[in-house]
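Here is how the chains run, residue by residue.
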Amino acid sequence: MWILAGLALVALAVWVVLAFGHGGFWHTGKRLPSGVEPAFWPSVVAVVPARDEAEVLPETLPTLLAQDYPGRFRVVLVDDRSTDGTGDVARDLGQGNVQVVRARERPEGWAGKVWAMSEGVRAAGAPEFILFTDADIAYAPGTLTALVRAASEGRDLVSQMATLNTGTAWERLLIPAFVYFFAQLYPFRLVEDGRTAAAAGGCMLVRRSVLERAGGLDAIRGAVIDDVAMGRLIKRRGGGRCRLDLSRDVVSRRPYPRFADLWDMVARSAYDQLRYSPVLLAGTVLGLLLVYAVPPLATVIGALAQGNAATGTLAAGATAWALMSLTYTPMLRFYGLSALRAPALPLVALLYTAMTVDSALRHHTGRTTWKGRTLVR
């Protein structure tokens, strides 16, 4: 019991730091600033890598084309060797306003999506900004203008974390936690003040000159998690300022109807986040168990047992569990879900732990692919 009490106290200390000293990662009220209207609206080219996206493009591409941007704006869609007529669908939807580029064969050492992005940059020419966006992302009217306004205040990367689907029971269970864990790893406030670097790949407005100064996409050619790699590239090698926010104006239309779909989404890249290190994997698994599993375990065992050790175990576990739930509640509310779901976060964390372990197994057995793209180190 004393060992469990000690672990519960450590978990409580971690949650006190996370709740009160980790950049307010759990706040969901941080939104894109209104910015100032620039004297001259810079040119923007949207680059859309698309592989077998014919089904979703009718829901998303028109919203991008409908952006009433005051400056020069055009769309380049990279048909990444699709087999479902993605390029033809894009041409029909664009009615001459979309440049469709057929991606060349991927060179060795390039991750599939990053190569498609690079092909789009090659076709984009020399705009001041490039908007990297995914084929499943829909935009509210005026979003591009708001992004450029925010960038005009001296930022070189402005990224929006898209609102994800929560239409199914599995999505409601796992998606808010996915965004919560991402914000915990990369607190948006710390991205803004330069203490960490990250971006959300569905919507990244990047100043082209800074990207080139940082070495271009060639510098992250093997990145599986292209958005975090882009944020680090712009900040560390380009010397640029970044901003990352949650958004209700940028929405993913990608459904994850089955549990297996969500599992694959996480497992394809989690081990890359750990730099393919078994040591980091072991440390991560132990850390997740300590932070998420110990508090409810200590609460239950402390409540059932007797004695001073049991009382301390119960108090530490219950307080840590309460802090965990309180920090998760704003994300649940952002997605329109009940706060009563918050105490179940330890269960969700255990599922994500299993996904991370599976990601490592996939890597070591050569099963790491996504939408037919090969993912490389």
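Preceding block: the structure.
What you are looking at is a predicted structure, and each value in this text was computed from that prediction instead of being measured.

> Tell me about the side chain of Asp-134, residues and numbers included.
With respect to the element layout, Asp-134 can be found in the loop between strand S4 (129–133) and strand S5 (137–139). Looking at Asp-134, the relative accessible area reads 18%, which means it is buried. Setting aside residues no more than four positions away along its own chain, Asp-134 makes contact with Val-48, Lys-113, Gly-201 and Gly-202.

> Hey, could you go over the pairing of strand S7 (residues 203–207) for me, with residue numbers and the actual values?
By the criterion of burial, S7 is predominantly enclosed, with 5 of the 5 residues buried. Of the strand pairs in this sheet, S4 and S7 are connected by 5 bridges, and their pairing is antiparallel. Residue Thr-133 lies in a different strand from S7, and its bridge partner there is Cys-203.

> Report on unusual backbone geometry, specifying residues and quantitative values.
Within the chain, Asp-52 stands out as a residue other than glycine whose phi angle is a positive 55 degrees. With respect to the helices, strands and loops of the structure, Asp-52 is situated in the loop between strand S1 (44–50) and helix H2 (57–65). Unlike most non-glycine residues, Tyr-276 shows phi in positive territory, near 55 degrees. Its location among the elements puts Tyr-276 in the loop between helix H11 (270–273) and helix H12 (278–304). A residue is classified by how much of its surface remains accessible, and Tyr-276, at 15% relative accessible area, is buried.

> How would you summarise the pattern of salt bridges if you had to cite specific residues and measurements?
Counted by the stated rule, this structure contains 22 salt bridges. Glu-119 serves as the salt-bridge partner of Arg-104, at 2.8 Å between the closest nitrogen and oxygen. You can see Arg-104 sitting in the loop between strand S3 (98–102) and helix H4 (112–124) and its partner Glu-119 sitting in helix H4, a full 15 residues away along the chain. Looking at Glu-119, the relative accessible area reads 1%, which means it is buried. One salt bridge in this structure joins Asp-226 and Lys-113, with 3.6 Å as the shortest N-O distance. Here Lys-113 lies in helix H4 and Asp-226 lies in helix H9 (residues 226–237), a separation of 113 residues in the sequence. On the basis of relative accessible area, Asp-226 is assigned to the buried category, the value being 7%. A network of salt bridges, in which partner residues are shared, links Glu-153, Arg-155, Glu-192, Arg-241, Arg-243 and Asp-245.

> Describe the side chain of Asp-227, with residues and values.
Considering the arrangement of structural elements, one finds Asp-227 in helix H9. Here Asp-227 is buried and forms no salt bridge, its nearest opposite-charge partner Lys-113 lying at an N-O distance of 6.6 Å. Every residue in contact with Asp-227, bar those within four places of it in the chain, is listed here: Ala-198, Ala-199, Ala-200, Gly-201 and Met-204.

> Run through the sheet that holds S5, naming residues and quoting values.
The strands that make up a sheet pair up through hydrogen bonds in the backbone, lying either parallel or antiparallel. Strands sit in the order S3-S2-S1-S4-S7-S6-S8-S5 across an open sheet of 8 strands; the sheet is mixed. Of all strands in the sheet, those bounded by a partner on one side alone are S3 and S5. If you compare each strand with its neighbour and ignore which way they point, the axes differ by 30 degrees on average. By the bridge criterion, 3 bridges tie S5 to strand S8 (residues 242–252) in an arrangement that is antiparallel. Across the sheet, Ala-138 pairs through a bridge with Val-251, a residue of S8. Docked against the sheet, H4 engages S1, strand S2 (73–79), S3, S4 and S7, running at close to 140 degrees with respect to S2.

About the thresholds
- Counting restarts for each chain: residues are numbered from 1 in the order of the written sequence.
- Given that this is a predicted model, residues contribute local features only at a pLDDT of at least 70 and side-chain atom pairs are listed and counted only at 80 or more, while totals for whole chains, interfaces and linings are drawn from all residues.
- Side-chain numbers here rest on the full set of heavy atoms in the structure, without hydrogens or water.
- Under the DSSP-based scheme used, a helix requires at least four consecutive residues in state H or I and a strand at least two consecutive residues in state E, with every element numbered from the N terminus.
- Summary of the burial criterion: residues with accessible area below 20% of their type's maximum are buried, those above 50% are exposed, and those between are partly exposed, where the area comes from a 1.4 Å probe applied to protein chains only.
- In this analysis, two residues are considered to be in contact whenever any of their non-hydrogen atoms come within 4.5 Å of each other.
- By this definition, two strands are paired if DSSP reports at least two bridges between them.
- Every case where a carboxyl oxygen of Asp or Glu lies within 4 Å of a side-chain nitrogen of Lys or Arg is listed as a salt bridge.
- The sign given to each residue is positive for Lys and Arg and negative for Asp and Glu; His and the chain ends receive no count.
- Fitted lines through C-alpha atoms give the axes, limited to the stretch in contact for helices. The angle between two N-to-C directions lies from 0 to 180 degrees.

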